[in-house]
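Analysis of the macromolecular model
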Amino acid sequence: MSEYDISPWMKKATPFVYVRISDRDQSPDEANLPIEKQTPIKDQLSGILDKLKILKLKQPKAAHIFYDIASGGNMNREGFKQLVEAVLNHKGRAYVALSEPSRWGRNVVLGNEAYAEMFRRDIPILSTSDSLMSGTITEPRPNAQFLFLIKQGVGEGERGQLIDRVKRKIAVRQS
């Protein structure tokens, strides 16, 4: 089996899903709706669920789907904290599915820190946009893990550029 293949044990494992958008401006007309009813969230979740089906993996229970509208640079997100607690307290094999690595976090250092305990407990993260799965202590995937980190780092870089652009626009308006 290649480190880029989906592990056979995942077919019986419990999926936990994490869905995040950065801010309510991504769907301003729906900002007052419950988070799970907002179109960008529903679209992201739908893509994850479709990919799990294609990969012949189990669909998650509603209680195993966690949502946030928060910056990926902040690891102190309510839905994120609930996800990590739930998956770490789960009995049996599990994994986390998300649409792509930057949904986990847009800060590589803090994202890795948040993943460390899951790594030790053999709970990988599956990026459904590209079927990239992070490694774990007993199932190392060095190249896939490196790609996962690169994708997370690209997300962090994009976030930094966006923040700089916004600051410049504010400075121009103020002057």
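Structure: above.
These remarks concern the structure in this document. (Residues numbered from 1 in each chain as written. Predicted model: local features only at pLDDT ≥ 70, side-chain atom pairs only at ≥ 80, totals over all residues. Heavy atoms only, no water.)

In terms of helices and strands, the protein carries 5 helices and 5 strands. Along the chain direction, N to C, the helices and strands of the protein fall in the order β-α-β-α-β-α-α-β-β-α. For 175 residues, the compact-globule formula gives about 16 Å, and the C-alpha radius of gyration of the protein, at 17 Å, lands near that figure. Split into buried and exposed, the 175 residues of the protein put 45% on the buried side. Taking the intrachain contacts of the protein between residues at least 6 apart in sequence as the baseline, contacts between residues at least 24 apart amount to 67%. Split by element, the accessible area of the protein, about 9500 Å² in all, is 54% carbon and sulfur. (Helix = DSSP H or I, 4+ residues; strand = E, 2+ residues; numbered from the N terminus. Rg over C-alpha atoms; globule rule 2.2 N^0.38 Å. Buried < 20%, exposed > 50% of the residue type's maximum accessible area, 1.4 Å probe, protein only. Contact = heavy atoms within 4.5 Å. Areas by Shrake-Rupley, 256 points an atom, 1.4 Å probe, with all protein chains shown as cover.)

Its location among the elements puts Lys51 in helix α1 (residues 39-54). The charged side chain of Lys51 is buried without a salt bridge, its nearest counter-charge being Asp130 at 7.3 Å. What Lys51 contacts, discounting residues up to four positions off in sequence, is Thr128 and Ser131. (Lys, Arg positive; Asp, Glu negative; His and termini not counted. Salt bridge = Lys/Arg side-chain N within 4 Å of Asp/Glu carboxyl O.)

Another point: the packing of aromatic side chains. For the structure on display, the rule yields 4 aromatic pairs. When the centroid spacing of 4.7 Å and the interplanar angle of 70 degrees are considered together, the rings of Phe80 and Trp104 count as edge-to-face. Linking Phe80 in helix α2 (residues 78-89) with Trp104 in helix α3 (residues 101-104), this pair joins segments that are 24 residues apart in sequence. Here Trp104 falls in the buried class, since its relative accessible area comes to 1%. Ring geometry for Trp104 versus Tyr115: centroids 6.3 Å apart, planes at 90 degrees, classification edge-to-face. Taken as a pair, Trp104 in helix α3 and Tyr115 in helix α4 (residues 108-120) lie far apart in primary sequence, 11 residues in all. Residue Tyr115 is classed as buried on the basis of its relative accessible area of 5%. Joined through ring pairs, the aromatic side chains of Tyr18, Phe80, Trp104, Tyr115 and Phe119 make up one cluster. The side chain of Arg77 reaches across the aromatic face of Phe80, ending 4.5 Å from its centre. (Phe/Tyr/Trp six-rings, centres within 6.5 Å; stacked < 30°, edge-to-face > 60°. Lys NZ or Arg CZ within 6 Å of the ring centre and 35° of its normal.)

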